[in-house]
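# Descriptive structure summary
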Amino acid sequence: MPYEYLDHEADIGLEATGASLEEALRDGVRGLLALLVDPETVEPRQAVPVQVTASDPGSLFVALLNAVLAAVDLHGMFFRDFELTHLEQVDDHWVVEGTLWGELIDLNRHAVEIEVKAATYGGLLAEQNEAGWRLRCVLDL
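So, here is what we can say about the structure in this document. Just so it is clear, the structure is predicted and the values come from calculations on it, not from any experiment.

### A look at the overall build of the chain
- Each helix and strand in the chain was counted, giving two helices and seven strands.
- Traced from its N-terminal end to its C-terminal end, the chain shows the element sequence β-β-α-β-α-β-β-β-β.
- The C-alpha atoms of the chain give a radius of gyration of 14 Å, which matches the 14 Å a tight globule of 141 residues would have.
- With respect to the principal axes defined by its C-alpha atoms, the chain has extents near 45 × 35 × 25 Å.
- Looking at the chain as a whole, 44% of its 141 residues are labelled buried.
- The contacts in the chain between residues at least 6 apart in sequence include a share of 68% that link residues at least 24 apart.
- Put simply, the chain has 8 plus and 26 minus side-chain charges, and the middle of one group is 6 Å from the middle of the other.

Set out below in structure tokens:
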């Protein structure tokens, strides 16, 4: 499984792994989406772009997760999937762009799971090893 949930006192940890940083970021977003709503109940009807910048891969992970949460609130949508379309390091910062696929929130059809307020720097980890990347943070519930 490319992501897992970690026990935390009042919140929940999210850890994502991948052979590349792109995969770990993508699967971290997918893990967040699966916490919010059962993705199988969401149709990929509309595309919503997201873009974030940060100074390092760990901060990029937190910023990306918070951009996804903001998109849920701003657009009144739940998302089924995330496609990472661009990742690069430019001078002293990282840039990631992607597309969320989902539809307007319909509480009669969508199986709501957990309300996540924000991704935090608590328990932040971003490490690269011979197997790839591992990203971790705590989600405020």
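Now that the structure has been shown, the text picks up again.
### As for the sheet that holds strand 4 (residues 77–90)
- Pairing is antiparallel in the open sheet, where three strands are placed in the order 3-5-4. Each edge of the sheet is formed by a strand with only one pairing partner; in this case those strands are strand 3 (46–54) and strand 4. Direction aside, neighbouring strands of the sheet carry axes that sit 20 degrees apart on average.
- Pairing of strand 3 with strand 5 (residues 93–104), which is carried by nine bridges, proceeds in the antiparallel orientation. Each residue of the ladder has a partner; that of Ala 54, found in strand 5, is Trp 94.
- In the packing of helix 1 (residues 21–36) onto the sheet, contacts are made with strand 4 and strand 5, and the angle to strand 4 comes to roughly 160 degrees.

### Regarding the nonpolar core
- In terms of nonpolar packing, the biggest core is built from 43 residues, with Leu 25, Leu 32, Leu 65, Leu 100 and Leu 139 touching the most fellow members.
- Looking at this core, the elements that each hand over two or more residues are strand 2 (12–18), helix 1, strand 3, helix 2 (57–75), strand 4, strand 5 and strand 7 (132–140).
- With 10 residues, helix 2 is the largest single contributor of residues to this core.
- Ignoring anything within four residues of it in the chain, the contact list for Leu 65 reads Leu 14, Gly 28, Val 29, Leu 32, Ala 119, Cys 137 and Leu 139.

### Observations regarding the pairing of strand 7
- As judged from the seven bridges shared by strand 2 and strand 7, these two strands associate in the antiparallel manner. Along strand 7, the bridge assignment pairs Ala 16 with Leu 135.
- Hairpin connection of strand 6 (residues 118–129) to strand 7: two residues between the antiparallel strands.

### Observations concerning helix 1
- Spanning 16 residues, helix 1 covers 23 Å between terminal C-alpha atoms, matching the ideal 22 Å at 1.5 Å per step.
- When helix 1 is considered as a whole, its buried residues turn out to be Leu 21, Ala 24, Leu 25, Asp 27, Gly 28, Val 29, Gly 31, Leu 32, Leu 33, Leu 35 and Leu 36.

### A few points about a nonpolar patch on the surface
- Taken together, Ile 105, Leu 107 and Val 112 make up a surface patch of nonpolar side chains, about 270 Å² in accessible area.
- Relative to the elements of secondary structure, Val 112 occurs in the loop between strand 5 and strand 6.

### Focus: the side chain of Asp 27
- Residue position: Asp 27 is located in helix 1.
- Reaching out from Asp 27, the side chain makes a polar contact with the side chain of Arg 26 at a distance of 3.0 Å.
- Among all residues touching Asp 27, those that are not within four sequence positions of it are Pro 2, Tyr 3, Ala 16 and Thr 17.

What counts, and where the lines are drawn
Residues numbered from 1 in each chain as written. Predicted model: local features only at pLDDT ≥ 70, side-chain atom pairs only at ≥ 80, totals over all residues. Heavy atoms only, no water. Helix = DSSP H or I, 4+ residues; strand = E, 2+ residues; numbered from the N terminus. Rg over C-alpha atoms; globule rule 2.2 N^0.38 Å. Buried < 20%, exposed > 50% of the residue type's maximum accessible area, 1.4 Å probe, protein only. Contact = heavy atoms within 4.5 Å. Lys, Arg positive; Asp, Glu negative; His and termini not counted. Charge placed at Lys NZ, Arg CZ, Asp CG, Glu CD. Pairing = 2+ DSSP bridges. Axes fitted to C-alpha atoms, helices over the stretch in contact; angles between N-to-C directions. Core = buried A, V, L, I, M, F, W, Y, C linked by side-chain atoms within 4.5 Å. Expected span 1.5 Å × (residues − 1). Patch = residues over 30% accessible without salt bridge, like charges linked within 9 Å, V, L, I, M, F, W, Y side chains within 5 Å. Areas by Shrake-Rupley, 256 points an atom, 1.4 Å probe, with all protein chains shown as cover. Salt bridge = Lys/Arg side-chain N within 4 Å of Asp/Glu carboxyl O. Polar contact = N/O pair within 3.5 Å; in protein donor to acceptor, adjacent residues only side chain to side chain.

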